[in-house]
Amino acid sequence: MLSTAPRLLLRSQRPGAAPSDAPSAGTGRELLALLRGAAAGTPAGRPRFDPGLAGGLRAWLEDAAYGLVALRGDDAAPLVLGPRHLLGGDEDHSGATTAPPGAPGACQGAPAPADPAPANGALEARLVHALFRQLVHTGTVGDPLAEALDALGATGATASVRAVESLPTSARDALAGSLAAQAANLRALVPRFASGWMPRTDDHVSIPLAGGRVVLQGTFDLLVGTPSPGTASLCALGLSTGGPWPRDRQRLHYLALLEALRSGTPPFRLALIESTSGRYGVEDVREEHLRALSSHIVAWLAREGRPHPSGGNRA
Amino acid sequence: MPDRLTEALCAPVRAPDPATWRASLGEAAATLARLAVRRAGAGRFRVTDHDIRLALHGLRDEAEAAPFAWAARTARRPLGLAAVRLLAAGAARSPAEAVRARMDESTRWVRDGSPGATQLDRWLAGLSAAGRAAVAAEAVTWATRLWCALDWSVLDGTPVIGRDRWWDSPHSALLALRGRADVRTDRASLVVLSGPRRDSVRAELALVTLVDALRGRRPATPGRVVGWWPDSGHLVRVEPEPAVLTLGAEGVELVLADAAPRRAAAAVRSAA
């Protein structure tokens, strides 16, 4: 478990608010104002990060990864780890915790099909995610279910589309109702970013450790800002489609760590929006978030490398 | 990240010894000539970096099992490159605006029956607004990562964006090699990579050097090839050394050796 205390700058509604509670008008503008505002206690507007931090964290993670590789053997298939493995819960909306297509021996077991039909909860999350992307790029959603299915069809997720189309009418109506409610929340919550913010969705990050034999990966739902060497200049926005909130928040911290390992600096601010309740939170990234997540991953790698009672190791 | 990548493209290239370079190029050309003659009548072969990767990893069966289809993921590179071209020319102010402009162009071409309309344009024109938004989102992310990764103002000359180069064998009209690079400057080529880091990447990138050398056009001094994974920020540099030409020719040889039994098996299947 992580030990850092949350420092939420704002949460729009009380936790546990009923999904039908509509968020107050203008919350997207509030969220935008919070994302662009100066960080607490930092007159310059951007929190400072030790320039050596990313290198230090990488070295720590590399040591742990090499420890695991030593136990698994050099010839073992690369171990591809995403938030689902490391933090628990469902896979990314984009399915990013599966091995990239064509990865030689990536992940454990047989390669995953390109478009496996997800379970119902994951399917709904995927549809909501498609609506979120559409809102970021066009600002509008008309018929949520039809448009989410069109979006999935364009991404080649035909198994998911077929899974929805084969639902009984009552289940399909229920899904349409749930999507309509979540789309209403998202319309109010998702800010309209000026194009200069360079909003991009589904930015995939993949960090090879131990010469590529352990890979940490994840996908930002939304990144904004222009990368600037040596400066934390990005904001990340995560979409939660049903929580639990603490795990989704931890997933954002994990992604912030991956960005630090990729570019040397993490995003300076994170926002999490929940489509089912319409609540959101915004917080600054702090070095202790990154250290805590690294510590968690190091502990996970050490645990998985320990011999299993049935023989062999867990990973 | 932007600094390292721009630096890799702008750093001076150490020219190889001309005599050794010419000798290696001659050997590579001779290898390709033998392959072309041996393959006469076996059907057309276009060898790409992707083919080399599949051959080196023994993944051709999986690739053949999943035929190509346009989707947001397969459309993101052509749309993203067109968008970056608009950005570099100052014709768009952001990746989102540039992608939108390129997609609007597709619609116009298809609507007006332009002969320049491609399969991709026709596929895009057949999508609903929501489908197009999903495709645009994927292309915007691809374009933004490339656009933000480089300091375009310091690149040598006028960068050429997204123009693949082909070399057609003079010994057989059936054999062609493709050198894929996303950005080319006077002294270097940038290739945006996806998938995991892999041992085969140098052979994949060597094909770019080989095609440039075989075409024998300017720049007189062969350039460096830089492979870049946006997912991880990692770079791999392939300097223009004679051994790279050999590596590229060996990659092509491997692809063709791998493909021959497949074609024969396909011919037997179709005859049965």
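Since this is a predicted model, take the numbers as computed values, not measurements.

Enquirer: Any chance you could break down helix α4 (residues 120-138) of chain A for me, citing the residues and the numbers?
Expert: Spacing of three or four residues puts side chains on the same side of an α-helix, whose turn is 3.6 residues. Residue and element names in this part refer to chain A. Between its first and last C-alpha atoms α4 spans 27 Å; for 19 residues at 1.5 Å apiece the expected length is 27 Å, and the two agree. The buried fraction of α4 is high, at 15 of 19 residues. Within two residues after α4, G139 carries a phi angle of roughly 80°, on the positive side.

Enquirer: Can you lay out the interface of chain B and chain A for me, pointing to particular residues and giving the numbers?
Expert: Contact residues are listed per partner, giving 35 residues for chain B and 38 residues for chain A. Put simply, the parts of the chain that give the side of chain B that touches chain A at least two residues each are α1 (2-10), α5 (72-88), α6 (95-111) and α8 (129-149) of chain B. Tallied by class, the residues present in the side of chain B that touches chain A amount to 19 nonpolar, nine polar and seven charged.

Enquirer: How would you summarise the domain arrangement of chain B if you had to cite specific residues and measurements?
Expert: Residue and element names in this part refer to chain B. Assigned domains within chain B: domain 1 (2-66 + 157-271) and domain 2 (72-150). Taken residue by residue, the interface counts nine residues in domain 1 and nine residues in domain 2. No other element matches α1, which puts three residues into the side of domain 1 that touches domain 2. Partitioned by chemical class, the residues of the side of domain 1 that touches domain 2 number six nonpolar, two polar and one charged.

Enquirer: I'd love a proper account of the nonpolar core, names of residues and values included.
Expert: If you look at the biggest cluster of nonpolar residues, it comprises 153 residues, and the most contacted ones within it are A236 of chain A together with A83 of chain B. Counting residues per element, this core draws most heavily on α8 of chain B, which supplies 13 residues. Excluding residues within four positions of it along the chain, A236 of chain A makes contact with F220, L222, L223, L252, L255, A256, P267 and L270 of chain A.

Enquirer: Which residues make up the domain arrangement of chain A, and what values go with them?
Expert: Domain annotation for chain A reports domain 1 (10-41 + 49-92 + 194-305) and domain 2 (120-187). A straight line from the C-alpha centre of domain 1 of chain A to that of domain 2 of chain A covers 25 Å.

Enquirer: Hey, could you go over the packing of α6 of chain B against α8 of chain B for me, with residue numbers and the actual values?
Expert: Residues and elements named next belong to chain B. Contact pair α6 / α8: the axes reach a minimum separation of 9 Å and the direction vectors enclose 130°. On the basis of their axis angle, the class for α6 and α8 is oblique. The handedness of the crossing between α6 and α8 is right-handed. Across from P95, A96, A98, V99, R100 and M103 in α6, the residues of α8 making contact are R132, A136, A139, V140, A143, T144 and W147. The residue inventory of the contact of α6 with α8, partitioned by class, reads 10 nonpolar, one polar and two charged.

Enquirer: Give a description of the sheet that holds strand β4 (residues 175-179) of chain B that names residues and reports values.
Expert: Residues and elements named next belong to chain B. Here three strands make up an open sheet; going across it, the order is β1-β4-β3 and the pairing mixed. Edge positions in the open sheet fall to β1 (45-47) and β3 (165-168), since each of these has one partner strand only. Neighbour-to-neighbour, the strand axes of the sheet open up by a mean angle of 20°, direction not taken into account. In the sheet, β3 pairs with β4 via four bridges, with the strands oriented antiparallel. Looking at the pairing, R165 lines up with G179 of β4. Set on the sheet, helix α9 (residues 201-215) makes contact with β3 and β4; between it and β4 the angle comes to about 115°.

Enquirer: Let's hear about helix α2 (residues 53-72) of chain A: which residues, and what values?
Expert: All names here are of chain A. Here α2 spans 29 Å end to end across 20 residues, near enough to the 28 Å set by a 1.5 Å rise per residue. Lining the buried residues of α2 we find β3 (200-209), β4 (214-224), α8 (245-263) and α9 (287-305). Directly beyond the C-terminal end of α2, a positive phi value near 100° is found at G73.

Definitions and cut-offs
Residues numbered from 1 in each chain as written. Chains lettered and ligands numbered in written order. Predicted model: local features only at pLDDT ≥ 70, side-chain atom pairs only at ≥ 80, totals over all residues. Helix = DSSP H or I, 4+ residues; strand = E, 2+ residues; numbered from the N terminus. Expected span 1.5 Å × (residues − 1). Buried ≥ 20, exposed ≤ 12 C-beta atoms within 10 Å, placed from the backbone. Contact = placed C-beta atoms within 7 Å. Nonpolar A, V, L, I, M, F, W, Y, C, P; charged D, E, K, R; others polar. Domains from an automatic or database assignment. Core = buried A, V, L, I, M, F, W, Y, C linked by C-beta atoms within 7 Å. Axes fitted to C-alpha atoms, helices over the stretch in contact; angles between N-to-C directions. Parallel < 35°, antiparallel > 145°, perpendicular 65-115°, else oblique. Left-handed = near helix turned anticlockwise from the far one by under 90°. Pairing = 2+ DSSP bridges.

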